[in-house]
Structure formats: C-alpha cells, structure tokens
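Spelled out from the first residue to the last, the chains are:
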Amino acid sequence: MKTYQTRAIGTDAPSKPLTERNIPRRDLLPHDVQIEILYCGICHSDLHVVKNDWGGTTYPVVPGHEIVGRVTKVGGEVGKFKVGEVAAIGCIVDSCRSCEYCRSGEEQYCENGWSVVFNSPDKHLGGMSYGGFSKSIVADENYVLRIPELLDPASAAPILCAGITVYSPLKHWKAGPGKKVGVLGMGGLGHMAIKIAAAMGAEVTVFTTSSAKAADAKRLGASKVVVSTDEQQMVGCAKQDLIVDTVSAEHDANAYLKLLKVDGSLVLVGLPVKPLEVGAFNIVGGRKSLSGSNIGGIAETQEVLDFCAHHKIAAEIELLPAGRVNEAMERLEKGDVRYRFVLDMTRL
Ligand code: NAP
Ligand code: ZN
Ligand code: ZN
C-alpha cells in the first residue's frame, strides 16, 4: 500500500523524552478522509501508554487521541466531509461494523476488537497505529466526527476523549434533575464531568484531593466541593445516586461506595494500574454497584460534541506549542494542569 510521510512526536522508550520524527500514513482509500491536525489534547491515557504503566506499549509510540483538524483530501466515495471542513478523530478509528455492539453504535465494545488511533495494530500498514501528535492523519469517514461551528476547535479537542468518556456513563446512569452525581478527581475527565453533569441538570458534588480547585469546581457547575482527605466533609455528602471515578492513581474505592444511596453506582472511568480492593459489606448493604465505562461510540461522540455546542461547554485548556510536549507530560504527571493540555500542532 502506498504511503506518505508526515511529522510526528513520539518516543522509543518509557524513560526517553518525546522527540520529532517522520511516520507513514496511508494514501487515501475510497472512504478515507485526510486531516491536517491543528490541535491535539493530552489525556492521562497518553501518559500511561508512553510510560507503559499498563504494559502492552509497543515502541516507538506516537500518542494523541483528541484530534481536531482541517480536511485536506477525501477519497472518491466520501460523502460526509468536504475539503476545508473542520473535523475530528477520537480513540476509535475502526471496528468490525457487524457485531451486536458495532450495529448498536457501541463500537468501543466491539466483539472482534476495535482499532485504537494509537498503539493498536494498524490493519492497513502493519505495525502499530500512530496517534494525533502529528501533522496529518487518515481515517475512514465513518470514524471521523464533525465539530459544530459554535465550538472553538482547540478547546473542543478534549471532548473527543475526556468529554465522551464522562458523557457516556452520565447518560447511561441517567444523570439529570433530581439526581445527585459525584465526580471523583478533578482533572481532564473530571472537570468535563462537572460541566456536563451540571448541564444535564444533576446536583454535582466534586471529590478532590486539591482544595485549591474548590473555587473552579463551583465555577464549572458543582454545588458542593469535598476535600476527600477530610473525613468530616466526606460524611456530610452521602446518598449519591452515581459517582464517576476519574482518578488515575491508586485510591480507596470503599470510601466512595459508602457515599452511595441504595442502588447507587460507583463507575470507574479512571484506569489506575493497581487493582482496587472492595469490601463486600460496602456493596451488599445497599445493593450498590461497582461498574466501569469505556469512552463512547461514534454516534455518541457526535452527540456529546453537539451537546457541548448547545450548552456552550468546552474544556478549560492550556494551549502549548507542540514542541513543549515534554513539559506538558511532566506537569500532567505531577497533577499540575488546569485542566487539559492541548498541543498546537500547527507549530510542529
Ligand atoms: P488527569 O487530568 O491527570 O486527572 C486525574 C485526577 O485524578 C487528578 O486531577 C486528581 O484530581 C486525581 N488524582 C490523581 N492522583 C490521585 C491520587 N493518588 N489519589 C486521589 N486522586 C488522585 O487524568 P485524566 O486525563 O482525566 O484521566 C483520568 C484517568 O482516566 C486516567 O487513568 C486515564 O487513563 C483514564 N481514562 C479512561 C478512559 C476510559 O475510556 N475509561 C478514557 C480516558 C481516560 P484532584 O486533584 O481533584 O484530586
Ligand atoms: Zn483519553
Ligand atoms: Zn464489532
């Protein structure tokens, strides 16, 4: 298959900094869209993969799965996009399209294995896929999203992962008026969860380890902020219907299971390396659930983009030139981000 070269930023080992390099992209197939990447968000999953936290990273790795750019070329059979339009790509770039979950728009649960935009087998070129820390990308139009005109392309980028990852469980567990929703961890995912749950009409309580984030949490739509290290504050916010757990590191899930009402759910979206310990009494007592949720399907990703445009929601971002990626990764690792880094890929 014919390819072309594009500039990218990646690394060859967990301990090495990210550096510029050339990577191949496929020449367009009839249903492919080529996008010049303008902005790419940095998700903690990019950091987990770069550091090989979960195992399974194949180096060299080019991260990035919150991609917004401009369509530069379309294949002969593409009907959905035109050259010059703003378009986006998230985590999912392909799936089997025929299993029960693909047919119901939940490609993230594809029974035959969906293709992730980075560090996933590349069905066309062999080897592994390379993500959005690059100048140009090619994907099938079915997996490319529209960015509504009302959204600013840079601050919309984090909706492609952080936004959809919290929107999907909030919708599935019916966050809305009359529901108490807890958001655990106020980082990239957590701050979007506050905005989206508040826009859905839920009463939002934020659980954070950073008391300095309290004022921002209120500004973004939380009615209550709890510093999770303070037991007194924790006791005062029981009877949550749903708690979305976005924490990226080891923490005590039991403390939050205790805060759920009968039939309440603690939903993990964060992916810490170490398994959580759960006391049976903390779920048996109130018929409580501990569950998880993985990003969201393509249709639902378009839905959250449209929802955010409608409710004038975008991520709070710190926009950095692509060349400052290592500084951004180091600060993300330290928790020093308010609340999502986005790389300006035009400056690569
Ligand atoms: P992030 O911006 O680094 O935010 C994580 C937040 O967790 C931090 O801001 C901090 O919030 C809290 N935290 C960190 N370390 C903690 C600790 N030791 N104890 C308690 N709280 C701690 O990360 P993100 O990009 O939002 O991603 C969060 C997690 O979700 C990552 O594990 C990522 O891989 C995962 N993820 C999963 C999916 C999915 O589909 N399920 C999709 C995207 C990302 P406070 O300062 O408020 O305490
Ligand atoms: Zn992500
Ligand atoms: Zn499938």
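(A) How the structure looks around empty space enclosed by the protein. Counted according to the given criterion, the structure contains one cavity of 30 Å³ or more. Each pocket or cavity is described by its volume, and for the largest cavity that value is around 60 Å³. Lining the largest cavity are Gly90, Cys91, Ile92, Leu145, Leu160, Ile164, Ile295, Gly296, Ile298 and Thr301. Split by residue class, the lining of the largest cavity holds seven nonpolar, three polar and no charged.

(B) Quick peek at helix H11 (residues 325–333). For H11, the full list of buried residues reads Val325, Ala328, Met329, Arg331 and Leu332. The buried side chains of H11 occupy one side of the element, clustering within an arc of 165 degrees when seen end-on. Buried residues in H11 make contact with strand S1 (3–10), strand S3 (32–42), helix H1 (44–50), strand S16 (317–321) and strand S17 (340–344).

(C) The arrangement of the domain arrangement of the protein in detail. Partitioning the protein into domains gives domain 1 (3–159 + 316–347) and domain 2 (162–292). Each of domain 1 and domain 2 has a C-alpha centre, and the two are 28 Å apart. Taken together, the contacts link 11 residues of domain 1 with 18 residues of domain 2. Carbon and sulfur atoms make up 51% of the area that domain 1 and domain 2 hide from each other, which totals about 1300 Å². Summed over the three residues of domain 1 that lose the most area to domain 2, namely Ile159, Glu316 and Tyr339, the buried surface amounts to 48% of that side. At the junction of domain 1 with domain 2, the criterion picks out two salt bridges. Note that Lys195 is salt-bridged to Glu316, the shortest N-O span being 2.7 Å. At the boundary of domain 1 and domain 2, one finds 11 residue pairs in polar contact (both at pLDDT 80 or more). A per-class count over the side of domain 1 that touches domain 2 returns four nonpolar, two polar and five charged.

What counts, and where the lines are drawn
Residues numbered from 1 in each chain as written. Chains lettered and ligands numbered in written order. Predicted model: local features only at pLDDT ≥ 70, side-chain atom pairs only at ≥ 80, totals over all residues. Heavy atoms only, no water. 1 Å grid on protein atoms, 1.4 Å probe; cavity = no way out; pocket = protein on both sides within 12 Å on 5 of 7 lines; lining within 4 Å. Points joined across faces, edges and corners; volume = space filled by probe spheres on them. Nonpolar A, V, L, I, M, F, W, Y, C, P; charged D, E, K, R; others polar. Buried < 20%, exposed > 50% of the residue type's maximum accessible area, 1.4 Å probe, protein only. Helix = DSSP H or I, 4+ residues; strand = E, 2+ residues; numbered from the N terminus. Arc of directions from axis to C-beta. Contact = heavy atoms within 4.5 Å. Domains from an automatic or database assignment. Buried area = accessible area lost by both parts, 1.4 Å probe. Salt bridge = Lys/Arg side-chain N within 4 Å of Asp/Glu carboxyl O. Polar contact = N/O pair within 3.5 Å; in protein donor to acceptor, adjacent residues only side chain to side chain.

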